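Listed below, chain by chain, are the residues.
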Amino acid sequence: MSRFWSPLVHTLTPYVPGEQPKLTNLIKLNTNESPYGPSPRALQAMRDAADDTMRLYPDPEAAALRAALAKRVGLTPDCVFVGNGSDEVLAHAFQALFGHGDPLLFPDVTYSFYTVYCGLYGLPYRQVPLTPDMRIQVEDYTGPCSGVVVANPNAPTGIALGLDDIKRLLEMHPDRVVLVDEAYVDFGADSAVTLVADYPNLLVVQTFSKSRALAGLRVGFAFGQPDLIEALVRVKDSFNSYPLDRIAQAGATAAVEDEEWFQKSVQKVIASRTALASGLQALGFEVLPSQANFVYIHHADRDAAELAANLRERAIIVRHLRGARTASWLRITVGTDQQCDKLLSALRDILRRNT
Ligand SMILES: *Cc1c(COP(=O)(O)O)cnc(C)c1O
């Protein structure tokens, strides 16, 4: 608190990111980063970009990156927006598209940044409860609203909606934007990008941070029809015309073009997820069906916060979220097979000791 703060600052409840510990010997399964390195071609492109041209501002429109993203999904570059991480893309979208007065609708258990953006931009919102089995029921997203936001797959549950459900949301609210946050879509869900041409009210947001192993680069993007993209550009150019530096543009463009590396590392994560889920079930955990690079688990007679603390003592960090509906669950990133095995044996040990 300070008398220098703007009144707004006093009201903010900022997002708390997962811990980025300084220790290097930890098994880090708490923020859904990729256990595999980025595309070697992306790394080389970044090294090549670090030259004398760094004295010049980057392309404010990130034309090469947007063209590469557009080409990959069969859209035109005017249907693509890029920003400094999808968090920034989401923030611009909230400000640009959801200020119509009625509440914004999103699930009660989802990415906790959504309420933070609503606080920052003064947007009313209504959190729609997940079903008791932690699913989004699209029929519940009715009534006057400023828009709808769903993460698909949802976080932290990992459960995905089908495109038929996304279409239903789009058709329930033809005059409002439905934002689909697809941070984890590459790990097994269907992307709504195939619906962009048919639905002027659809904005699909994705990121390089998870499936492309570039969380450190901070690049996110959105697909939508040109007038939605123009709204985001208007906000961006009223905030920071150069959100993506030269190195980020070069690295992200090369990453998009390295489809083979991308497919291989995503497939490895999916295979490890299947094995991890059965290992956890064998230990007595309930494991929600995940289409993401993490699993969401619950043990009928163990305290989740305590389990997380016990794992930490064994140099394994996972994510425990407070809150009425999440406090008895743990979110665990799918690591390498070796990391998953270490996690399972640590949990086996913990469960045996504390009986
Ligand atoms: C990780 C994540 C993001 C943000 O990713 P960036 O690193 O900012 O691109 C957005 N939405 C969800 C649901 C996420 O889990």
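Residues numbered from 1 in each chain as written. Predicted model: local features only at pLDDT ≥ 70, side-chain atom pairs only at ≥ 80, totals over all residues. Heavy atoms only, no water.

- The name given to the protein in an unreviewed UniProt entry is Histidinol-phosphate aminotransferase, with Acetobacter indonesiensis as the source organism.
- Quoted verbatim from the Pathway (unreviewed entry) heading of the UniProt record, the comment on the protein is "Amino-acid biosynthesis; L-histidine biosynthesis; L-histidine from 5-phospho-alpha-D-ribose 1-diphosphate: step 7/9."
- For the protein, the Catalytic activity (unreviewed entry) comment in UniProt is given as "L-histidinol phosphate + 2-oxoglutarate = 3-(imidazol-4-yl)-2-oxopropyl phosphate + L-glutamate". (UniProt positions renumbered as here; feature names shortened; annotations may be inferred.)

Notes on the pairing of strand E12 (residues 329-333)
Okay, so step 1: The element E12 is extensively covered by neighbouring structure, given that five of its five residues are classed as buried.
Okay, so step 2: Side chains Trp329, Arg331 and Thr333 project from E12 onto one buried face, and the interleaved Leu330 and Ile332 project onto a second face that is buried too.
Okay, so step 3: Both strand E10 (residues 294-299) and E12 contribute to a ladder of five bridges, which runs antiparallel. Bridge pairing links Phe294 to Thr333 in E12. (Buried < 20%, exposed > 50% of the residue type's maximum accessible area, 1.4 Å probe, protein only. Helix = DSSP H or I, 4+ residues; strand = E, 2+ residues; numbered from the N terminus. Pairing = 2+ DSSP bridges.)

Quick word on the site of the ligand
Okay, so step 1: Around the ligand, the neighbouring residues are Gly85, Ser86, Asp87, Tyr111, Asp181, Ala183, Tyr184, Thr207, Ser209, Lys210 and Arg218.
Okay, so step 2: Within the side chain of Ser209, one N or O atom sits 2.6 Å away from an oxygen atom of the ligand.
Okay, so step 3: In this structure, an oxygen atom belonging to the ligand sits 3.1 Å away from a side-chain N or O atom of Lys210.
Okay, so step 4: Protein chains shield 93% of the accessible area of the ligand, which is 390 Å² for the free molecule. (Near = heavy atom within 4 Å. Polar contact = N/O pair within 3.5 Å; in protein donor to acceptor, adjacent residues only side chain to side chain. Areas by Shrake-Rupley, 256 points an atom, 1.4 Å probe, with all protein chains shown as cover.)

Quick word on the UniProt feature "domain: Aminotransferase class I/classII large" (unreviewed entry) in the protein
Okay, so step 1: Taken from the UniProt record, the annotation "domain: Aminotransferase class I/classII large" (unreviewed entry) applies to residues 25-347.
Okay, so step 2: The distance separating the terminal C-alpha atoms of residues 25-347 is 18 Å; by composition the span is 37% helix and 16% strand.

As for the packing of aromatic side chains
Two aromatic rings, taken as a pair, are described by how far apart their centres are and by the angle between their planes.
Okay, so step 1: Evaluation of the coordinates by the stated rule reveals 15 aromatic pairs.
Okay, so step 2: Aromatic side chains Phe94 and Phe98 sit 5.4 Å apart centroid to centroid with 85 degrees between the ring planes, which places their arrangement in the edge-to-face category.
Okay, so step 3: Within the aromatic cluster, the residues linked to one another by ring pairs are Tyr15, Phe94, Phe98, Phe106, Tyr111, Phe113, Tyr114, Tyr117 and Tyr125.
Okay, so step 4: Here the basic side chain of Lys268 rests over the ring of Tyr36, its NZ or CZ set 4.1 Å away from the ring centre.
Okay, so step 5: Note that Arg331 overlies the ring of Phe294, its terminal NZ or CZ placed 5.7 Å from the centroid. (Phe/Tyr/Trp six-rings, centres within 6.5 Å; stacked < 30°, edge-to-face > 60°. Lys NZ or Arg CZ within 6 Å of the ring centre and 35° of its normal.)

Some words on the domain arrangement of the protein
Okay, so step 1: Assigned domains within the protein: domain 1 (7-37 + 260-353) and domain 2 (40-258).
Okay, so step 2: Contacts between the two partners involve 33 residues from domain 1, matched on the other side by 35 residues from domain 2.
Okay, so step 3: For the pair domain 1 and domain 2, the summed buried area comes to about 2600 Å², and 66% of that belongs to carbon and sulfur atoms.
Okay, so step 4: Contact with domain 2 buries area across many residues of domain 1, yet Tyr15, Phe262 and Arg325 alone supply 29% of it, more than any other trio.
Okay, so step 5: For the pair domain 1 and domain 2, the number of links is one salt bridge. (Domains from an automatic or database assignment. Contact = heavy atoms within 4.5 Å. Buried area = accessible area lost by both parts, 1.4 Å probe. Salt bridge = Lys/Arg side-chain N within 4 Å of Asp/Glu carboxyl O.)

Topic: unusual backbone geometry
Okay, so step 1: Residue Pro153 is bonded to the preceding Asn152 through a cis peptide linkage, with omega at -5 degrees.
Okay, so step 2: Looking at the secondary structure, you find Pro153 in the loop between strand E5 (147-151) and helix H6 (163-172).
Okay, so step 3: Residue Ala155 is joined to Pro156 through a cis peptide bond whose omega torsion reads 5 degrees.
Okay, so step 4: Checked against the element boundaries, Pro156 lands in the loop between E5 and H6.
Okay, so step 5: Of note in the backbone geometry, Ala213 takes a positive phi value of approximately 55 degrees without being a glycine.
Okay, so step 6: Note on placement: Ala213 falls in the loop between strand E7 (202-207) and strand E8 (220-223).

Here's the deal with the sheet that holds E10
Okay, so step 1: Pairing within the open sheet is antiparallel, and its three strands lie in the order E9-E10-E12. With partners counted over all chains shown, the strands left at the sheet margins are strand E9 (285-287) and E12, one partner each. Neighbour to neighbour, the strand axes of the sheet diverge by 35 degrees on average, direction disregarded.
Okay, so step 2: The pairing of E9 with E10 spans three bridges and is antiparallel. Opposite Glu286, over in E10, you have His298 as the bridge partner.
Okay, so step 3: Relative to the sheet, helix H9 (residues 259-282) contacts E9 and E10, its axis offset from that of E9 by approximately 145 degrees. (Axes fitted to C-alpha atoms, helices over the stretch in contact; angles between N-to-C directions.)

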